[in-house]
Amino acid sequence: AVGGSNGKTTTTQMMKAILAAHWGVQNIHATEGNFNNEYGLPQTFFRLEPHHELAVVEMGISHFGEMDRLGAIARPDYVVFTNIGNMHLENLIDRSGVLRAKTEVVKHMPHNGRLFFNAADDKLCEYAKTSPIPVKFYGMDESLPVHPENIRFIDAAETDFVLNYFGTRIPVSMPAAGLHMVQNAVAAAAVAHELGLT
């Protein structure tokens, strides 16, 4: 499952693309568009077929209690959080409220599940200290096991970088621009590693 304030849809689609390279596109099921709420998530699951091996789902909320209900539907093994931003503050009050609302999903994860956190987000780092589920960090910092190097913005529609993937360096040419897009790709790669992809 992919949650966070920004970048959910892009990260979901990048994850689907990476995982499909190993399992085959026909065996990966993913959220279409941004069908990520209490209406959209069940529709995503209704489209699951017996041949699907993995589901990558986006989960979006705007109120307390929503992520609890989405988590009960999805029961995800892995959850990626892109960031905790100033979103839906009319209901969630502040970033601490956003964090509390989004992490409601954790109670629906297995004890051997994994959380993937953006290491640059202070709220996620704070939560990681007491998380009941093991946390793996991803991000832009070179001290992290999955991070980008030599980022070059070619034009408004292309970014090149080297993905440092636990010491293996992989050249990437991505048809998108912006550091946030690189960060989304790194999040997807971190999950791919956890699932055993070389």
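Refer to the structure presented above.
The paragraphs below set out a description of the structure included in this document. (Residues numbered from 1 in each chain as written. Predicted model: local features only at pLDDT ≥ 70, side-chain atom pairs only at ≥ 80, totals over all residues. Heavy atoms only, no water.)

## Considerations on the pairing of strand S4 (residues 78–81)
Line of reasoning, step 1. The pairing of strand S1 (residues 2–3) with S4 spans two bridges and is parallel. Across the sheet, residue Val2 finds its bridge partner in S4, namely Val80.
Line of reasoning, step 2. Both S4 and strand S5 (residues 114–118) contribute to a ladder of four bridges, which runs parallel. Bridging across to S5, Val80 finds its partner in Phe116. (Pairing = 2+ DSSP bridges. Helix = DSSP H or I, 4+ residues; strand = E, 2+ residues; numbered from the N terminus.)

## Focus on the sheet that holds S5
Line of reasoning, step 1. In space, the four strands of this open sheet follow the order S1-S4-S5-S6, with parallel pairing throughout. For this open sheet the edge positions go to S1 and strand S6 (135–138), each flanked by a neighbour on one side alone.

## Side note on the pairing of strand S8 (residues 158–165)
Line of reasoning, step 1. In terms of burial, S8 is largely enclosed, as seven of its eight residues are buried.
Line of reasoning, step 2. For strand S7 (residues 146–155) and S8, the ladder comprises seven bridges, and the chain directions are antiparallel. Each bridged residue has a counterpart across the sheet, and for Phe153 the counterpart in S8 is Thr159.
Line of reasoning, step 3. In this antiparallel pair of consecutive strands, S7 and S8, the connection spans two residues.
Line of reasoning, step 4. As defined by bridge partners, S8 adjoins strand S9 (residues 168–174) across seven bridges and the pair is classed as antiparallel. Residue pairing for S9: Asp160 is matched across the bridge by Ser173.
Line of reasoning, step 5. Following S8, the chain reverses through two residues before pairing antiparallel with S9; Phe166 in that reversal takes a positive phi of roughly 55°. (Buried < 20%, exposed > 50% of the residue type's maximum accessible area, 1.4 Å probe, protein only.)

## Topic: the sheet that holds S9
Line of reasoning, step 1. Here three strands make up an open sheet; going across it, the order is S7-S8-S9 and the pairing antiparallel. Edge strands, defined here as strands with exactly one partner in the open sheet, are S7 and S9. Here the strands of the sheet are splayed against their neighbours by 15° on average, with no regard to which way each runs.
Line of reasoning, step 2. Packed onto the sheet, helix H7 (residues 179–194) meets S7, S8 and S9 and runs at close to 145° relative to S7. (Axes fitted to C-alpha atoms, helices over the stretch in contact; angles between N-to-C directions. Contact = heavy atoms within 4.5 Å.)

## Here we look at helix H5 (residues 95–102)
Line of reasoning, step 1. Burial analysis of H5 places six of its eight residues in the buried class, which makes it a mostly covered element.
Line of reasoning, step 2. Along H5, the residues that are buried comprise Arg95, Gly97, Val98, Leu99, Ala101 and Lys102.
Line of reasoning, step 3. Where H5 is buried, its residues contact helix H3 (66–74), S4, helix H4 (89–92) and helix H6 (122–128).
Line of reasoning, step 4. The backbone nitrogen of Ser96 lies 3.2 Å from a side-chain oxygen of the residue at the head of H5, namely Asp94. (Polar contact = N/O pair within 3.5 Å; in protein donor to acceptor, adjacent residues only side chain to side chain.)

## A closer look at unusual backbone geometry
Line of reasoning, step 1. Positive phi values are uncommon outside glycine, yet Arg75 reaches one of about 45°.
Line of reasoning, step 2. Take Arg75: it is sitting in the loop between H3 and S4.
Line of reasoning, step 3. On the accessibility criterion, Arg75 (58% relative accessible area) is exposed.
Line of reasoning, step 4. For Phe166, which is not a glycine, the phi torsion comes out positive at approximately 55°.
Line of reasoning, step 5. As for its placement among the helices and strands, Phe166 is situated in the loop between S8 and S9.

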